[in-house]
Structures are given as structure tokens and as C-alpha cells.
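# What the coordinates show
Take a look at the letters that make up each chain.
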Amino acid sequence: MDRDTLILGIETSCDETAAAVVRRFSDGRGEIVSNIVRSQIDEHRAFGGVVPELAARAHVIHLDAIIARALDAADTSLADIDAIAATAGPGLIGGVLVGLTTGKALAAGSGKPLIAVNHLEGHALTARLTDGVTFPYLLLLVSGGHSQIVLVKGVGNYERWGGTIDDALGEAFDKAAKLLGLGYPGGPEVERAALGGNGKRFALPRPLLREKRLDFSFSGLKTAMRLAAESVAPVSQADIADLCASFQAAVTDIVATRARQALDRFAETYPDLTPTFVVAGGVAANRAIGTALAQVADAAGANLVIPPPALCTDNGAMIAWAGAERFALGLTDGFDSAARPRWPLDQLQRDPM
Ligand code: KG4
Ligand code: ZN
């Protein structure tokens, strides 16, 4: 695309109602013009996890106002927007339907093109918006809904090298927190509790780690954690700290090992490139995991890129940016685009280049 474009992005696939306006310059750089996120943590806190029906209802109630605020904050209106990008999956289907249908309605009403964005592609391409990263690069996505290792070769061009066979890493943090009576979301609570704890006190398992494949499994760890907690019941504050520290030590070990293996594979695939290793998703905010990944990247001679926390967690800018990258390649979608609960990254329409 030989001109600057302005894209509106809409995200409703989980528990954030979000909209943003992003500019893509003709040279490929990007800029966030506005980025409005309304978290539903208060709606879901009492349940210790996201309740899909409540999430969809909250999106219905708040999305229109969030979009209006995003346009306002960008000092623009639909008339000046080039295309409308909305998450079409994967995610909680009720929420995806709310955002995608709203995107279609706005596109139809304004006569602008629609881009049905894969939420994972939004996470995958964010580092190009924030850090101008070039293809190919390695992505570790660790959030409440996903744990994946992906080779990012181009827009719409992904190789999934590994994923979780049960729980996502963020979900494992949330379940560990719930088990110990800590708050929601669990990741930050476990990290805080672990600070004063002894990570060597409980020998928790590292599932799948002896296998070569780049997959994760966290459900056995969760069970081991429950058994460890039961073995010292009733748990004291010190026990909770040690359990959290032991849990965090186990998952840090798992993630660091997989990252090392993935970087080895990247080096075999692209022997002449300095690897770029991008980490995204809410769990990227964890300092123990971040420190371990920095060491792994350093040892592999890789550039580690972790976008700022607000862009690692779900937001509208990542959807607008993925839309902008697609739009620049002429990839737009019809009003018959389906909302999809599942939509693996390696099934996307490819950059025709
Ligand atoms: O990316 P995200 O905001 O939402 C999606 O799941 O898409 O990720 C939220 C997840 C939650 O499971 C939360 O517990 C986890 O990220 N998380 C953390 C930390 N902050 C958030 N996990 C570990 N340590 C943290 N500091
Ligand atoms: Zn996400």
C-alpha cells in the first residue's frame, strides 16, 4: 500500500471489550492513535474465571461506547477510517459474535471494507507494530487461553511448532491461585505470593519435558500442586508462599526449556539469521519467567522482544494492526465471514507474496 491507512480494530473474544485506531504508514511502520480497553475482571472475579455468558452480555452493553471513545480519542470518525478489523476467532463464541457482527454493521453502514482478524495473528504481529520486527521470527504466546510456540514467516504465514495439550499457562496460574484461595486473575497473585517463598520445598513435576516435541502440559502440575497443598493442610501463609514459589519454579523451568529448544530449531532453520524471539500474552508480565527467557535468549544470541504489558494482553490495537497488515496486502473479507470458536494460526489465508 503506497499511502498511509487508518484502521479501526475491535476485540471481544475473551474478557476485554476493546477498540483502537491504528495508523499504518506507507513504509510499513505503525502507530497507535487510540487504544481503549474495558476489562471485565470485576464481572468475573466472584467466579474465579471467565463466565462466557456474562462476558458476551458485557460486550453487548459496552462495545458501542468503547468504539465511540476510540474514535473520539483518535479525533477521527468512521468517514476517515480506511477499513474495519474485528476479531472473528478463536475465542468465546458469544463474545466473538458481538464484536464481529458490530464490525460488519459498521463496515456495511459506512461502505468500508471488513477484515475478519484471527486473534492469535493479532498477538503474533504486535511486535511489528511496537518494535518493527521483521520476518521470520519466533513467537512464544502465553496467555489465559493459549500457550503456543509459532514460527512467524509472514502475514498469514505461520508454522505452529508446539502448543498445550491441556491447560494454557495463564489458566494453570489461575487454577493454582484458586486452589490456594488467592484472588483472580491468579497470575499476579501467585507471583506476589511466591516472592517470599522457597521454590525448592515442593518437588513439582515438569510434564512432557523429557520429550523432544515442543508441546506443553500443565494439568498434571495442577494435580501435583493440589496434592502438595493437601499434604500440609491446613496451609499457612508460609506454605502458600512455598507452594507458589515451587509452582513458579516448575513452570519457569518448563517455559525456559521449550524456549531453548525452539531457538535451537530456529537456528537450524535459519543458520544465517540473528534470531528474534517475541514473547506475548498476559503471562509475559511474570518477572521470573521474563528473567529466565532473557537468559535463554542471551545464551542463544537472540534478540528478545516483549511488547509493553498493555499490548501483550488483549487489546484493540493488536486487532487493528493485524487488520492494517492484511489490508496493505489487499486481504479483506466478506460479510459472510464466520465467527469461529477454534481457528488455528496455520489455517490462515496467506500473504500472496
Ligand atoms: O493475555 P491475557 O490478558 O488474556 C488472554 O488470556 O487472552 O492473559 C491473562 C492471563 C491470566 O491467566 C493471568 O493469570 C495471566 O495471564 N497473568 C500472569 C501474570 N499476569 C497475568 N501469569 C503469571 N504471572 C503474571 N504476572
Ligand atoms: Zn489473547
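Below: a short report on this structure. (Residues numbered from 1 in each chain as written. Chains lettered and ligands numbered in written order. Predicted model: local features only at pLDDT ≥ 70, side-chain atom pairs only at ≥ 80, totals over all residues. Heavy atoms only, no water.)

### Observations regarding the nonpolar core
In terms of nonpolar packing, the biggest core is built from 56 residues, with Leu139 and Tyr158 touching the most fellow members. For this core, the element with the most residues is helix H11 (residues 316–328), which contributes eight residues. Apart from residues lying up to four places away in sequence, Leu139 is in contact with Ala124, Gln148, Ile149, Val150, Val152, Val278 and Ala280. (Core = buried A, V, L, I, M, F, W, Y, C linked by side-chain atoms within 4.5 Å. Buried < 20%, exposed > 50% of the residue type's maximum accessible area, 1.4 Å probe, protein only. Helix = DSSP H or I, 4+ residues; strand = E, 2+ residues; numbered from the N terminus. Contact = heavy atoms within 4.5 Å.)

### Some remarks on helix H4 (residues 119–131)
Helix length check: H4, at 13 residues, gives a terminal C-alpha distance of 19 Å against a target of 18 Å (1.5 Å per residue), a fit within 8%. Within H4, the axis deviates most sharply at Leu125, by approximately 35°. Buried residues dominate H4, accounting for eleven of its 13 residues. The set of residues buried in H4 consists of His119, Leu120, Glu121, Gly122, His123, Ala124, Leu125, Thr126, Ala127, Arg128 and Leu129. Two or three places before Leu120, at the start of H4, stands the capping residue Asn118, its side-chain oxygen 2.7 Å from that residue's backbone nitrogen. Positive phi shows up at Gly132, right after H4, with a value of about 60°. (Expected span 1.5 Å × (residues − 1). Bend = angle between axes of the 7 residues up to and from the residue. Polar contact = N/O pair within 3.5 Å; in protein donor to acceptor, adjacent residues only side chain to side chain.)

### As for the environment of Ser39
In this structure, Ser39 sits in strand E3 (residues 30–39). Spatially, the C-alpha atom of Ser39 lies 9.6 Å from that of Asn315, the residues being 276 residues apart in sequence. With sequence-adjacent residues up to four places away left out, Ser39 is seen in contact with Asp15 and Glu16. Among the polar contacts made by the side chain of Ser39, one reaches the main-chain amide nitrogen of Ile41 at a distance of 3.1 Å.

### Digging into the pairing of strand E1 (residues 5–11)
Here E1 lies mainly inside the structure; seven of its seven residues are buried. Pairing between E1 and strand E2 (residues 16–24): seven bridges, direction antiparallel. Across the sheet, Ile7 pairs through a bridge with Val22, a residue of E2. Here E1 hands over to E2 after four residues, the two strands then running antiparallel side by side. Bridging between E1 and strand E4 (residues 83–89) involves four bridges; their strand directions are parallel. When the bridges of E4 are listed, Gly9 appears paired with Ala85. (Pairing = 2+ DSSP bridges.)

### Quick word on the coordination of the zinc ion (ligand 2)
Taken together, the protein donors to the zinc ion (ligand 2) comprise His119 (NE2), His123 (NE2) and Asp314 (OD), at separations of 2.1 to 2.2 Å. Because the angles between the four donor atoms bound to the zinc ion (ligand 2) fall within 81 to 137°, the donor set is best described as irregular. When the donors of the zinc ion (ligand 2) are listed by position in the chain, the intervening gaps give H-x3-H-x190-D. Of the two residues, His123 sits in helix H4 while Asp314 sits in the loop between helix H10 (309–312) and H11, which places them 191 residues apart along the sequence. Here His123 falls in the buried class, since its relative accessible area comes to 2%. (Donors = N, O, S within 2.8 Å, 3.2 Å for Na, K, Ca; no water. Tetrahedral: all angles 85-135°; square planar, octahedral: opposite > 155°, others 65-115°.)

### Describing the sheet that holds E4
Spatially, E3-E2-E1-E4-E5 is the arrangement adopted by the five strands of the open sheet, whose pairing is mixed. Two strands close off the open sheet at either side, each with one partner strand: E3 and strand E5 (114–118). Taken pair by pair, the neighbouring strands of this sheet meet at an average axis angle of 20°, ignoring direction. In the sheet, E2 pairs with E3 via nine bridges, with the strands oriented antiparallel. Bridging across to E3, Ala18 finds its partner in Val37. Its contacts with the sheet place helix H3 (residues 93–110) against E1, E4 and E5, and it is angled at close to 155° to E4. On top of the sheet, H11 reaches E1, E2, E3, E4 and E5; it is set at about 40° to E2, its chief contact. (Axes fitted to C-alpha atoms, helices over the stretch in contact; angles between N-to-C directions.)

### Structural notes on the packing of helix H5 (residues 169–179) against helix H6 (residues 186–194)
Two elements in contact, H5 and H6, have axes separated by 7 Å at closest approach and are oriented at 65°. Where H5 crosses over H6, the two elements pack in a sense that is left-handed. Taking contact as the criterion, the partners of Phe173, Asp174 and Ala177 in H5 are, on H6, Gly186, Gly187 and Val190. In terms of residue class, the contact of H5 with H6 is made up of three nonpolar, two polar and one charged. (Left-handed = near helix turned anticlockwise from the far one by under 90°. Nonpolar A, V, L, I, M, F, W, Y, C, P; charged D, E, K, R; others polar.)

### Some points on the site of ligand 1
If you check the shell around ligand 1, you find 19 residues, and the closest are Gly144, Asp174, Gly187, Glu191 and Gly282. Within the backbone of Gly170, a nitrogen or oxygen atom sits 3.0 Å from an oxygen atom of ligand 1. Taking Asp314, its side chain carries an N or O atom lying 2.9 Å from an oxygen atom of ligand 1. Protein burial of ligand 1: of its 550 Å² of free accessible surface, 88% is covered by the chains. Sorting the residues of the shell around ligand 1 by element identifies H5 and H6 as the ones contributing at least two each. For the shell around ligand 1, the residue count by class is five nonpolar, ten polar and four charged. (Near = heavy atom within 4 Å. Areas by Shrake-Rupley, 256 points an atom, 1.4 Å probe, with all protein chains shown as cover.)

Nothing here speaks to function; it is geometry throughout.
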